Amino acid sequence: MKDGKFIAFGFITTFVASALFLSSSVFAKSEAPLAAQIGENRLNALAKYTKVIQTVEQYYVDDQNISDIIDKSLEGLLTNLDAHSSFMNKKKYKDMKIQTEGEFGGLGITVGMRDGALTVIAPIEGTPADKAGMKSEDIILKINEKSTLNMTIDEAVGIMRGKPGSKIELTVVRKNEQKPLTIEIIRDIIKIDSVYTKKIEESDILYIRVTNFDKKVTEEVQSAIIKHKGSMKGLILDLRNNPGGLLNQAVGLTDLFVEDGVIVSQKGRLERENQIYNATKTGTFTDIPLVVLINGGSASASEIVSGALQDHKRAVLIGQKSFGKGSVQVILPIGNEEALRLTVARYYLPDGRTIQAKGVEPDIEVFPGEVVVDKDQFSIKESDLKKHLEGQLEKIDEKVTKDKKEEKKNKKLITKDDILKDIQLKTAIDTIKVLTITNGFH
């Protein structure tokens with residue numbers, strides 16, 4: 001790769017010239033000896049790197065193309081920085097751009113590295129992985145018959161993507177399961193609906209589920225609130241198994257509920273990466289009791305929203321500790337066909353705490369599961385008596401009954417049976433009722 005060699009040698013020549021200049025002016029400035037030493041160290045490091053590449057090219061058992069050697073060395077460099085940085089060759093860069101367009105052939109799971117293991121952050125609702133039973137915090141041991149040991153995230157994603165309709169087999173370790181599980185999934189085109197709005201049966205509580213932070217999340221949530229604001233007494237924002245997405249949407253969603261102050265800040269080594277995102281008063285809903293549901297699959301943008309609302313004491317967080325992904329990655333193209341995904345900063349919540357590797361702790365910890373219902377078969381209620389008085393509730397308007405049946409049919413209503421299957425949601429509903437009473441909301 002002539003161009004690559006030319007750049008490398010030009011780079012070294014520049015450092016040689018710099019080192020000579022520093023040597024000639026060593027007595028002119030007191031900082032010169034230190035600068036010369038730094039320049040010499042860099043030259044030695046570059047010389048070592050060049051020698052290793054030449055040695056591999058010359059002596060390795062199989063013939064190696066110089067371009068492949070450089071690519072592999074770059075992959076090793078980036079993956080050893082942190083779990084989210086990576087080098088993207090032509091194919092990986094193309095795949096990444098396809099994914100960001102919002103439609104691709106795959107499984108519908110977001111993965112990350114946790115303690116060196118390929119871990120499911122969250123299955124995306126309604127996708128093949130979700131329907132097949134994949135869960136947050138599943139550890140993927142094998143993809144088909146290939147071990148994920150020492151596999152990068154990009155490699156794993158590349159294998160899991162494929163032609164829609166084709167099969168893939170994942171071997172996973174799941175908490176509380178005695179042996180690994182084998183899950184077969186049929187790939188499909190992944191189309192992501194980010195916002196689902198439902199009403200809670202026999203209540204004035206609105207339920208909004210955000211599955212990921214794409215470019216329309218803030219707009220869709222705002223529209224749903226405006227539409228139902230006159231009739232709702234509380235809002236449940238469900239961010240469980242939401243792996244994140246666009247930062248500006250996380251900021252925008254939080255800004256819907258916070259009038260002023262810091263929402264999130266990011267700090268990096270370079271001054272340009274230091275940013276502070278503040279709330280604005282315009283368009284803020286301050287009079288709606290708010291509960292946010294989170295779990296181990298809530299990551300990145302989800303953690304920004306939930307953590308900021310918690311710090312501003314604007315919402316009650318219910319569920320389990322979030323994933324703990326609080327770093328900022330940017331895509332830096334190298335030419336037209338390759339790029340680096342590089343971690344450049346960390347996120348910090350309004351009170352100054354970091355999300356990275358720590359996550360967000362809920363205000364009320366509730367483990368997932370069904371609501372335990374103890375039916376007393378021997379109790380007698382007024383309605384069981386032969387001559388009981390008819391209550392007003394028995395005279396239900398036909399139109400209301402018809403509307404509820406239509407909502408159930410269209411899956412826009414969360415029924416009592418749905419609530420009993422989800423104790424975290426049940427706790428959120430009860431909390432909204434308490435907030436409504438204690439804070440005097442009507």
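Residues numbered from 1 in each chain as written. Predicted model: local features only at pLDDT ≥ 70, side-chain atom pairs only at ≥ 80, totals over all residues. Heavy atoms only, no water.

S.K.: How should I be thinking about the sheet that holds strand E11 (residues 205-210) in this particular structure?
M.R.: Strands pair in a sheet through their backbones, by hydrogen bonds, and they do so in one of two ways: parallel or antiparallel. Reading across from one edge, E19-E16-E15-E12-E11-E10-E20 is the order of the 7 strands in this open sheet, with mixed pairing throughout. Each edge of the open sheet is held by one strand with a lone partner, namely strand E19 (364-365) and strand E20 (413-414). Across 4 bridges, strand E15 (residues 290-294) lies against strand E16 (residues 316-319) in parallel orientation. Counted as the bridge partner of Ile 294 is Gly 319 from E16. Along the sheet, helix H9 (residues 301-311) contacts strand E12 (234-238), E15 and E16; its crossing angle with E15, the most-contacted strand, is approximately 140°. (Pairing = 2+ DSSP bridges. Helix = DSSP H or I, 4+ residues; strand = E, 2+ residues; numbered from the N terminus. Contact = heavy atoms within 4.5 Å. Axes fitted to C-alpha atoms, helices over the stretch in contact; angles between N-to-C directions.)

S.K.: Mind showing me how you'd approach the environment of Leu 237 here?
M.R.: Assignment of secondary structure puts Leu 237 in strand E12. For Leu 237, the contacting residues outside a window of four places in its chain are Ile 208, Val 210, Leu 253, Leu 290, Val 291, Val 292, Leu 293 and Val 305.

S.K.: When you look at unusual backbone geometry in this model, what are you seeing that I'm missing?
M.R.: What you tend to see is this: most non-glycine residues have negative phi, and most peptide bonds are trans. Phi angles above zero are rare outside glycine, and Asn 144 is one such case at about 55°. Counting through the fold element by element, Asn 144 comes out in the loop between strand E5 (139-143) and strand E6 (146-147). In the Ramachandran plot, Glu 202 falls in the positive-phi region, its phi being about 55° despite a non-glycine side chain. Topologically, Glu 202 is positioned in the loop between strand E10 (195-200) and E11. By relative accessible area, Glu 202 is classed as exposed at 56%. (Buried < 20%, exposed > 50% of the residue type's maximum accessible area, 1.4 Å probe, protein only.)

S.K.: Looking at this model, I keep getting lost on the pattern of salt bridges. Mind explaining?
M.R.: Two side chains of opposite charge can pair, provided their charged atoms sit close to one another. Across all of its chains, the model carries 13 salt bridges by this definition. Between Asp 422 and Arg 240 there is a salt bridge whose closest N-O contact spans 2.9 Å. Taken together, the residues span a long stretch of sequence, with Asp 422 in the loop between helix H11 (416-420) and helix H12 (423-438) and Arg 240 in the loop between E12 and helix H8 (247-255) at a distance of 182 residues. The residue Arg 353 makes a salt bridge to Asp 351 at a minimum N-O spacing of 3.3 Å. Judged by relative accessible area, which is 24%, Arg 353 ranks as partly exposed. (Salt bridge = Lys/Arg side-chain N within 4 Å of Asp/Glu carboxyl O.)

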